[in-house]
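# Observations on chain architecture
Residues per chain, in single letters:
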Amino acid sequence: MYDVNSKHADDFINQEEILETLAYADENKNNLALIESLIEKAKLRKGLTHREASVLLACEDADMNEKIFRLAEQIKKDFYGNRIVLFAPLYLSNYCINGCTYCPYHMKNKHIARKKLTQEEIRKEVIALQDMGHKRLALEAGEDPVRNTMEYYLDCINTIYSIKHKNGAIRRVNINIAATTVDNYRLLKEAGIGTYILFQETYHKESYLQLHPTGPKHDYNYHTEAMDRAMEGGIDDVGVGVLFGLDKFRYEFAGLLMHAEHLEAAFGVGPHTISVPRLRNADDIDADAFTNGIDDDTFAKIVACIRIAVPYTGMIISTRESQKTRERVLHLGISQISGGSRTSVGGYCEPEPEDEKSEQFDVIDNRTLDEVVRWLMEMDYLPSFCTACYREGRTGDRFMSLCKSGQIQNCCHPNALMTLEEYLMDYASPETKAIGDKLIDKEVLNVPNEKARQVVLENLRLIRENNRR
Ligand code: SAM
């Protein structure tokens, strides 16, 4: 039975409801009057239900699709301005006891080099990341309750927050680790994590069970209910996502939005972020053997429809995607991207030897952070290294209400400008700095409040004189 409030996975991700949604979307994919009315409703910027958004995703009419793309771009601009938040993944350990058929960490893979970083190695990796200019990390690990214990993760988080080096400091640590208990989520919250990220991989229960044949991750309900436990443990910023390519994208899209609706209904706050990874080739994994891959046009449509359906939710894209694809979807709704990433365990401070490769998947966008920052600014985006919301406790519903009130523009824009100037002073190449300074001088004029603008100008002057407050 479909019940958005129920805490049981089979109720809030009800498989029959998804099938009915897909049938409804299919019946209405050429119903132009309905599609037009849904676009009008979406213009109110209050989002759409999974059924409504599924009709837009199914729509085949070229003019309507054009309207959908234009609206997604406009909503993106209205809520996020031109800011793009930057982060890097840090892989802690690739030991894993699961049997996921699409992931190179699967237990039967004997040729991937297995590694787990010590606290000393983490220090070195983090200093290398700080020296690039990163302020936010997403920790990643396989699932191995003996090797990758909660104690280990807590030590890692403490180590990372304690490293101060030159002007560098990691100010927000997000974490993407296997589903766990309410008590463990509470410990993660106490250790000061930002977002707890867990991808559903697929919302199709039967496929899920086949794709995760062995190990703790096989337990579909435990995995699907993880965000409920995280919220119970006090983590109010959670990040969801599916791995596109595993099952049919329309099914995943409806499931993803139902999950978001459930979190909003049950806890008063939807997901903080949605990630849109696509399956990639990896050691022992041939992505082409999976038959549900999606092309770039479909991918762009999915991003646009998510943007319209959940306007307040951040959207993340990783270096699994090329520069060209990232550029396309940035306009349509992405608000956070990774840059200069390595998906190996270690490898930021020194490249891995050829015979000891531990990476999770092939990184397609191999540019440095400096190159990514420059590229963003050349397109008039404002790379943001700001972590103020998190530092000041504006998470969960407090962040969402700031976002909904429209005030984010008065507070995020100045913070983005100042943190970008700090980045330019500390880490950027001369070419990047020149482009950035010009952009900042132009963008400071867009701080709406006169008094706030004067404060920003004064702070920028101090930062440029190396005289920081
Ligand atoms: N242990 C964590 C868990 O159980 O969810 C996952 C951490 S894993 C490092 C992060 C994500 O990488 C997975 O959730 C999955 O979506 C993604 N991933 C796995 N294999 C992949 C592949 N071949 N291509 C792209 N992404 C992949």
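Throughout what follows, the structure given in this document is the object of discussion. (Residues numbered from 1 in each chain as written. Predicted model: local features only at pLDDT ≥ 70, side-chain atom pairs only at ≥ 80, totals over all residues. Heavy atoms only, no water.)

A word on the overall build of the protein chain. Within the protein chain, the regular secondary structure consists of 20 helices and nine strands. Along the longest, intermediate and shortest principal axes, the C-alpha atoms of the protein chain span 60 × 55 × 40 Å. A fraction of 75% describes how many contacts in the protein chain between residues 6 or more apart in sequence connect residues 24 or more apart. Total accessible area on the protein chain stands at roughly 18,800 Å², and carbon and sulfur atoms take up 50% of it. Mean positive and mean negative side-chain charge positions of the protein chain (58 and 73 charges, respectively) differ by 5 Å. (Helix = DSSP H or I, 4+ residues; strand = E, 2+ residues; numbered from the N terminus. Contact = heavy atoms within 4.5 Å. Areas by Shrake-Rupley, 256 points an atom, 1.4 Å probe, with all protein chains shown as cover. Lys, Arg positive; Asp, Glu negative; His and termini not counted. Charge placed at Lys NZ, Arg CZ, Asp CG, Glu CD.)

The next thing to look at is the environment of Ile39. Mapped onto the secondary structure, Ile39 falls in helix H3 (residues 32–43). Considered as a pair, Ile39 and Arg328 are 289 residues apart in the sequence and their alpha carbons are 21 Å apart. Beyond its immediate stretch of four places on either side in the chain, Ile39 contacts Leu56, Met64, Lys67, Ile68 and Leu71.

As a further point, take the pairing of strand E2 (residues 136–141). Where burial is concerned, most of E2 is hidden: six out of the six residues are buried. Residue alternation in E2 divides its side chains into two sets, Arg136, Ala138 and Glu140 and Leu137, Leu139 and Ala141, and both sets are buried. Pairing of strand E1 (residues 83–93) with E2 involves five bridges; the strand directions are parallel. Residue pairing in the sheet places Ala88 in a bridge with Leu137 of E2. Read as a crossover between parallel neighbours, the route from E1 over helix H6 (residues 119–132) to E2 is right-handed. Of the strand pairs in this sheet, E2 and strand E3 (residues 172–176) are connected by five bridges, and their pairing is parallel. Across the sheet, Leu137 pairs through a bridge with Val173, a residue of E3. (Buried < 20%, exposed > 50% of the residue type's maximum accessible area, 1.4 Å probe, protein only. Pairing = 2+ DSSP bridges. Right-handed = clockwise from strand over helix to strand, strands pointing away.)

Right, let's talk about the site of the ligand for a bit. Inspection of the region around the ligand gives 19 residues, with Tyr102, Ala141, Glu201, Arg280 and Arg320 positioned closest. Here a nitrogen atom of the ligand sits 3.0 Å away from a polar atom, N or O, in the main chain of Tyr102. The protein chains hide 97% of the 580 Å² of surface that the ligand would expose on its own. Residues belonging to the shell around the ligand are distributed by class as follows: 10 nonpolar, three polar and six charged. (Near = heavy atom within 4 Å. Polar contact = N/O pair within 3.5 Å; in protein donor to acceptor, adjacent residues only side chain to side chain. Nonpolar A, V, L, I, M, F, W, Y, C, P; charged D, E, K, R; others polar.)

So, about the side chain of Ser341. By the element assignment, Ser341 lies in the loop between strand E8 (336–338) and helix H15 (369–378). Of the residues examined, Ser341 reaches a relative accessible area of 5% and is grouped as buried. If sequence neighbours within four positions are ignored, Ser341 has contacts with Pro89, Thr319, Tyr348 and Val363.

Attention shifts here to the pattern of salt bridges. Inspection of the entire model under this criterion finds 34 salt bridges. Measuring nitrogen to oxygen at the nearest pair gives 3.0 Å for the salt bridge that ties Lys43 to Glu40. Of this pair, Lys43 and Glu40 both sit in helix H3, three residues apart, which is roughly one turn of the helix. For Glu421, the salt bridge goes to Arg464, with nearest N and O atoms at 3.0 Å. Placement of Glu421 in helix H18 (residues 408–426) and of Arg464 in helix H20 (residues 450–464) is noted, with a sequence separation of 43 residues between them. (Salt bridge = Lys/Arg side-chain N within 4 Å of Asp/Glu carboxyl O.)

As a further point, take the environment of Glu422. Along the polypeptide, Glu422 turns up in helix H18. On a C-alpha basis, the gap between Glu422 and Asn466 in space is 9.0 Å, while along the polypeptide they are 44 residues apart. The contact partners of Glu422, leaving out residues within four places of it in the chain, are Ile463 and Arg468.

To continue, consider the packing of aromatic side chains. Counted under the stated rule, the structure contains six aromatic pairs. Residues Tyr152 and Tyr153 carry aromatic rings whose centres are separated by 5.9 Å and whose planes lie at 50° to one another, so their mutual orientation is tilted. Accessibility classification places Tyr152 together with Tyr153 in one group, the buried group. Ring centres 5.9 Å apart and planes at 40° place the aromatic pair Tyr423 and Tyr427 in the tilted group. A network of ring pairs unites the aromatic residues Phe385, Tyr423 and Tyr427 as a single cluster. In this arrangement the basic side chain of Arg51 is found over the ring face of Tyr24, its NZ or CZ atom lying 5.6 Å from the centre. A cation over a ring is seen here: Arg278 above Phe299, with NZ or CZ 4.2 Å from the ring centre. (Phe/Tyr/Trp six-rings, centres within 6.5 Å; stacked < 30°, edge-to-face > 60°. Lys NZ or Arg CZ within 6 Å of the ring centre and 35° of its normal.)

Counting 144 residues, the largest nonpolar core has Leu90, Leu188, Tyr196 and Ile337 as the members making the most contacts within it. Apart from residues lying up to four places away in sequence, Ile337 is in contact with Ile84, Val85, Leu86, Phe87, Ile317, Arg326, Leu330, Val372, Trp375 and Leu376. (Core = buried A, V, L, I, M, F, W, Y, C linked by side-chain atoms within 4.5 Å.)

This part covers helix H12 (residues 249–267). Compared with an ideal rise of 1.5 Å per residue, which puts 19 residues at 27 Å, H12 spans 27 Å between its outermost C-alpha atoms and is within 8% of the ideal. Looking at the residues trailing H12, positive phi occurs at Gly268, about 75°. (Expected span 1.5 Å × (residues − 1).)

Tracing the sequence through the fold places Thr224 in helix H10 (residues 220–224). Given the relative accessible area of 0%, Thr224 is considered buried. Looking at Thr224, its side chain comes within polar contact range of the side chain of Gln200, at 3.0 Å. At 2.7 Å, the side chain of Thr224 forms a polar contact with the backbone oxygen of Tyr220.

Glancing now at the environment of Tyr153. Structurally, Tyr153 can be placed in helix H7 (residues 150–162). Separated by 69 residues in the primary sequence, Tyr153 and Tyr222 have C-alpha atoms spaced 20 Å apart. Leave out the neighbours within four places in its chain, and Tyr153 touches Leu92, Ala141, Gly142, Asn148, Ile175 and Ile177.

Distances and angles like these do not, on their own, reveal function.
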